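Listed below are the residues making up each chain.
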Amino acid sequence: MSGRVAGKAALITGAAGGLGQAMAWMLAREGARVAVTDMNLEGARSLAEAINAEIPGVAFAFAHDVTEEADWVAVVDQAVAAMGGLSILINNAGIGGQLVWAEQDTLENWRRVQAVNVESIMLGCKHAMPHLRASGAASIINISSVAGLAAAPGMGAYNATKAAVWMYTKTVALEAAKAGWNVRCNSVHPVFIKTPILDPFVAMAGGDEGVAHEKLARGIPLKRIGEPDDVAWCALYLASDESKFVTGAEFKIDGGMLAQ
């Protein structure tokens, strides 16, 4: 590894597994200190311990309910104290919600998906921004989805929240630029990636992961679903100074799906 984010400090939500875990490893191996947060504190601690076993002293774990503003205040303060600052925020935590058509959806499901997928990102940007500004050169990376750019039946709540993340990202990017802050904000839009968020599709395939993945890949020009590192490489670019003139943009990690 080449140290592409050497000296930077990142806070990554939803990092106990899946994309968050992959991004934490990627940034740590490229020189960053990483604060990994999750409601699953045991999982976050296991990740931090594994990273520190390979790269001593660079990873820190915190319990974090991203829907609670008090948790954001505490976690940002703790992460800044542990790492000596904050220059990267990756709003990764998210849920898929129920796969139901609009007629069968519930307000409880809608509000839960909204709280985790959208409100958490607003809270993260709000409370991390003073520290990001102070870092001198910072990057916010909001994990959205291709579902925020192209709708699918049965995914109304998820589609709506991921579209909101896409547009909110642009707003934050423009505000930071207008204010003269060196804080960039971009969104990442993966298609189907091999993470637990695909579990409902596996269940619909009778629990056969191979069948589920093959079916999902049919609509992707590259004819396969993605790996977590496919997203982590994009996050590394956006976290690094290589992307210093990139803000308010959306990055599709979709195997060509939205090019059709």
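In what follows, the accompanying structure is described. What you see is a predicted model, and the numbers here were worked out from it, not measured in a lab.

Before going further, it helps to examine the side chain of N92. For N92, the location among the structural elements is in the loop between β4 (88-91) and α4 (107-135). Excluding anything up to four places from it in sequence, N92 contacts T13, G14, L19, G20, M23 and I143.

Backbone hydrogen bonds hold the strands of a sheet together, and the pairing may be parallel or antiparallel. Sheet architecture is open: seven strands sit in the order β3-β2-β1-β4-β5-β6-β7, paired in parallel fashion. Bordering the open sheet on either side are β3 (59-63) and β7 (250-253), each of which pairs with just one other strand. For this sheet, the mean angle separating the axes of adjacent strands, direction not counted, is 20°. As paired elements, strand β6 (residues 183-190) and β7 share four bridges and run parallel to each other. Residue pairing across strands places H189 opposite K252, the latter belonging to β7. Strand contacts of helix α1 (residues 18-29): β1 (9-12), β2 (33-38), β4, β5 (138-143) and β6, with the helix running at about 175° to β1, the strand carrying the most contacts. Together, β4, β5, β6 and β7 form the strand contacts of helix α8 (residues 228-239), whose direction differs from that of β6 by roughly 165°.

Along the chain, the position of L174 falls in helix α5 (residues 156-179). You can call L174 exposed: its relative accessible area is 62%. Counting along the chain gives 74 residues from L174 to G248, while the straight-line C-alpha distance between them is 7.0 Å.

Packed helix pairs are characterised by how far apart their axes lie and by the angle those axes make with each other. Look at α1 against helix α2 (residues 41-54): their axes get within 11 Å of each other, and the N-to-C directions meet at 25°. Taken together, the axes of α1 and α2 are roughly parallel relative to one another. The two elements α1 and α2 meet at a crossing, and its hand is right-handed. Of the residues in α2, those in contact with Q21, A24, W25, A28 and R29 of α1 are L47, A50, I51 and E54. Looking at the contact of α1 with α2 residue by residue, the class counts come to six nonpolar, one polar and two charged.

On to the pairing of β3. Sheet analysis places β2 next to β3, joined by five bridges and oriented parallel. Counted as the bridge partner of D38 is A63 from β3. Tracing the backbone out of β2, into α2 and back to the parallel element β3 gives a crossover that is right-handed.

Quick look at the pattern of salt bridges now. For the structure on display, the rule yields six salt bridges. Here E54 ties to R29 by a salt bridge, and the two come within 2.9 Å at their closest N and O atoms. Pair noted here: E54 is in helix α2 and R29 is in helix α1, with a separation of 25 residues, a long-range link. By relative accessible area, which is 37% here, R29 ends up partly exposed. We note a salt bridge from E250 to K170, for which the minimum N-O separation is 2.7 Å. Residue E250 is found in strand β7, and its partner K170 is found in helix α5; the two are separated by 80 residues along the sequence.

Along β1, one buried face is formed by A9 and L11 and the opposite face, lined by A10 and I12, is buried too. Bridge count between β1 and β2: four bridges; the pairing is parallel. Note on β2: the bridge partner recorded for A10 is V34. Handedness of the crossover joining β1 and β2 through α1 is recorded here as right-handed. Sheet analysis places β1 next to β4, joined by three bridges and oriented parallel. Its bridge partner being in β4, L11 is matched across the sheet by L89.

A word on the side chain of R184. Within the fold, R184 resides in strand β6. The charged side chain of R184 is buried without a salt bridge, its nearest counter-charge being D241 at 5.2 Å. Within polar-contact distance, the side chain of R184 engages the backbone oxygen of S243 at 2.9 Å. When near neighbours in sequence (up to four residues on either side) are disregarded, R184 contacts A138, S139, I140, L238, A239, S240, S243, K244, F245, V246 and T247.

Rules of the game
- Residues numbered from 1 in each chain as written.
- Predicted model: local features only at pLDDT ≥ 70, side-chain atom pairs only at ≥ 80, totals over all residues.
- Heavy atoms only, no water.
- Helix = DSSP H or I, 4+ residues; strand = E, 2+ residues; numbered from the N terminus.
- Contact = heavy atoms within 4.5 Å.
- Pairing = 2+ DSSP bridges.
- Axes fitted to C-alpha atoms, helices over the stretch in contact; angles between N-to-C directions.
- Buried < 20%, exposed > 50% of the residue type's maximum accessible area, 1.4 Å probe, protein only.
- Parallel < 35°, antiparallel > 145°, perpendicular 65-115°, else oblique.
- Left-handed = near helix turned anticlockwise from the far one by under 90°.
- Nonpolar A, V, L, I, M, F, W, Y, C, P; charged D, E, K, R; others polar.
- Right-handed = clockwise from strand over helix to strand, strands pointing away.
- Salt bridge = Lys/Arg side-chain N within 4 Å of Asp/Glu carboxyl O.
- Lys, Arg positive; Asp, Glu negative; His and termini not counted.
- Polar contact = N/O pair within 3.5 Å; in protein donor to acceptor, adjacent residues only side chain to side chain.

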